[in-house]
Amino acid sequence: MQELNIIKIGGNILDKPTQLHRFLSDFASLPGARILVHGGGKIASTIGQRLGITPKYVDGRRITDAETLELVTMVYGGLINKQVVAHLQALHCNAMGLTGADANTILASKRTVLEVDYGFAGDVAGNKSINVEVLHGMLALGITPVFAPLTHDGDGSLLNTNADTIASVLATALASRYQVKLTYCFEKRGVLQDATDDDSVIAQIDREKFLELKETGVVSAGMIPKLDNAFAALTQGVRAVQIGDAAEINDIVAGGKAGTLITL
Ligand SMILES: Nc1ncnc2c1ncn2[C@@H]1O[C@H](COP(=O)(O)OP(=O)(O)O)[C@@H](O)[C@H]1O
Ligand SMILES: CC(=O)N[C@@H](CCC(=O)OP(=O)(O)O)C(=O)O
């Protein structure tokens, strides 16, 4: 089976022009088929505050009311997605920007209201929600899909969906056609034992270690859903999952020692 790299880039790199340029240059020069998924939660919050929209998160997920949905559609689907695509074109990578609504690539459903009403936040049900044929066709044409963290409900509404989750569900669905490697890139060198020490990278995390890291509070905040998504991908056929520094993407993709390797 052909190899496919699915790479997610987080919001703390997207708002730093020098680091973003370096990452996109490395991404553009990777060999073989690849898909980029970008976040941008931090940028949406900053722009929202300028417009008088206060960001609200519960368990790392944004509460997305109608006004916030308009904001994230503009920021993720417009500003960030199109800037990244234009940047990749300048680097001779034939990128195409997508939300999950485009070519019905990712169908989701509005999160059920239990204790919290997340509003227009979308959950992706399973592999059948991903249009594998369209993505395969694009990759076969040498096009690099670039996903914004937006899906749709099939009934006319866009839904805000966490970018780590989008990367994980794409990886899982495409694992039937490709040998998929999923890489989460962010601003730290990997999952750290000590958040203040960049050299304390944990080389490998399995489920048992993850439980221990959660219980001791070593991993917290956005790292918990990221690791949950990583394990979900591995249990559903994704070949490898790694978490590391956007500046070390070449080494990670080449199977080097950079970052944290996630194993079952
Ligand atoms: N042990 C840890 N090692 C590294 N980062 C951690 C750890 N525990 C919590 N974090 C937090 O997780 C964040 C990464 O997750 P997230 O907020 O989803 O960011 P992004 O979307 O940029 O990837 C880091 O910026 C850091 O603040
Ligand atoms: C529902 C939900 O929480 N969506 C996320 C999507 C953006 C994202 O995931 O951005 P990062 O990867 O930069 O954190 C949000 O609006 O923050």
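Our subject is the structure that appears above.
In short, a report on the structure.

Thresholds applied
- Residues numbered from 1 in each chain as written.
- Chains lettered and ligands numbered in written order.
- Predicted model: local features only at pLDDT ≥ 70, side-chain atom pairs only at ≥ 80, totals over all residues.
- Heavy atoms only, no water.
- Helix = DSSP H or I, 4+ residues; strand = E, 2+ residues; numbered from the N terminus.
- Rg over C-alpha atoms; globule rule 2.2 N^0.38 Å.
- Buried < 20%, exposed > 50% of the residue type's maximum accessible area, 1.4 Å probe, protein only.
- Contact = heavy atoms within 4.5 Å.
- Areas by Shrake-Rupley, 256 points an atom, 1.4 Å probe, with all protein chains shown as cover.
- Near = heavy atom within 4 Å.
- Polar contact = N/O pair within 3.5 Å; in protein donor to acceptor, adjacent residues only side chain to side chain.
- Nonpolar A, V, L, I, M, F, W, Y, C, P; charged D, E, K, R; others polar.
- Salt bridge = Lys/Arg side-chain N within 4 Å of Asp/Glu carboxyl O.
- Pairing = 2+ DSSP bridges.
- Axes fitted to C-alpha atoms, helices over the stretch in contact; angles between N-to-C directions.

### Some remarks on the overall build of the chain
- Within the chain one finds 9 helices and 14 strands.
- For a compact globule of 264 residues, the expected C-alpha radius of gyration is about 18 Å, and the chain comes in at 17 Å, within 12% of that figure.
- Each principal axis of the C-alpha distribution contributes one length, and for the chain these read about 45 × 45 × 35 Å.
- Buried residues in the chain amount to 51% of all 264 residues.
- Once local pairs closer than 6 in sequence are excluded, the contacts in the chain between residues at least 24 apart make up 71%.
- With the model as given, the accessible surface of the chain reaches about 11900 Å², and the carbon-plus-sulfur share is 52%.

### Considering the site of ligand 2
- Residues in contact with ligand 2 amount to 16 residues; listed here are only the nearest, Lys 8, Gly 40, Tyr 57, Arg 62 and Tyr 76.
- One of the backbone N or O atoms of Ala 163 is found 3.0 Å from an oxygen atom in ligand 2.
- The fraction of the free accessible surface of ligand 2 (430 Å²) that becomes covered by protein chains is 89%.
- For the shell around ligand 2, the residue count by class is 4 nonpolar, 9 polar and 3 charged.

### Remarks on the pattern of salt bridges
- One pass over the full model with this rule turns up 10 salt bridges.
- The partner of Asp 164 in a salt bridge is Lys 226, with the nearest N and O atoms 3.0 Å apart. In this pair, Asp 164 is assigned in helix 6 (residues 163-174) and Lys 226 in helix 8 (residues 223-235), connecting sequence segments 62 residues apart. In this structure, Asp 164 and Lys 226 share a single accessibility class: buried.
- Each of Lys 8, Asp 164 and Lys 226 takes part in salt bridges that share partners, so that together they form one network.

### What about the sheet that holds strand 1 (residues 3-9)?
- As summarised here, the arrangement of the 8 strands in space is 5-8-2-1-11-13-14-12, forming an open sheet in which the pairing is mixed. A strand with exactly one partner marks an edge of an open sheet, and here the two such strands are strand 5 (95-98) and strand 12 (204-205).
- Pairing analysis gives 6 bridges linking strand 11 (residues 179-186) to strand 13 (residues 240-245), with the strands arranged parallel. Directly across from Tyr 184, in strand 13, lies its bridge partner Ile 243.
- On the sheet, helix 4 (residues 66-90) packs against strand 2 (33-38), strand 5 and strand 8 (144-147) and is oriented at approximately 175° with respect to strand 5.
- Contacting strand 1, strand 11, strand 12, strand 13 and strand 14 (260-262), helix 8 runs over the sheet at an angle of about 155° to strand 13.

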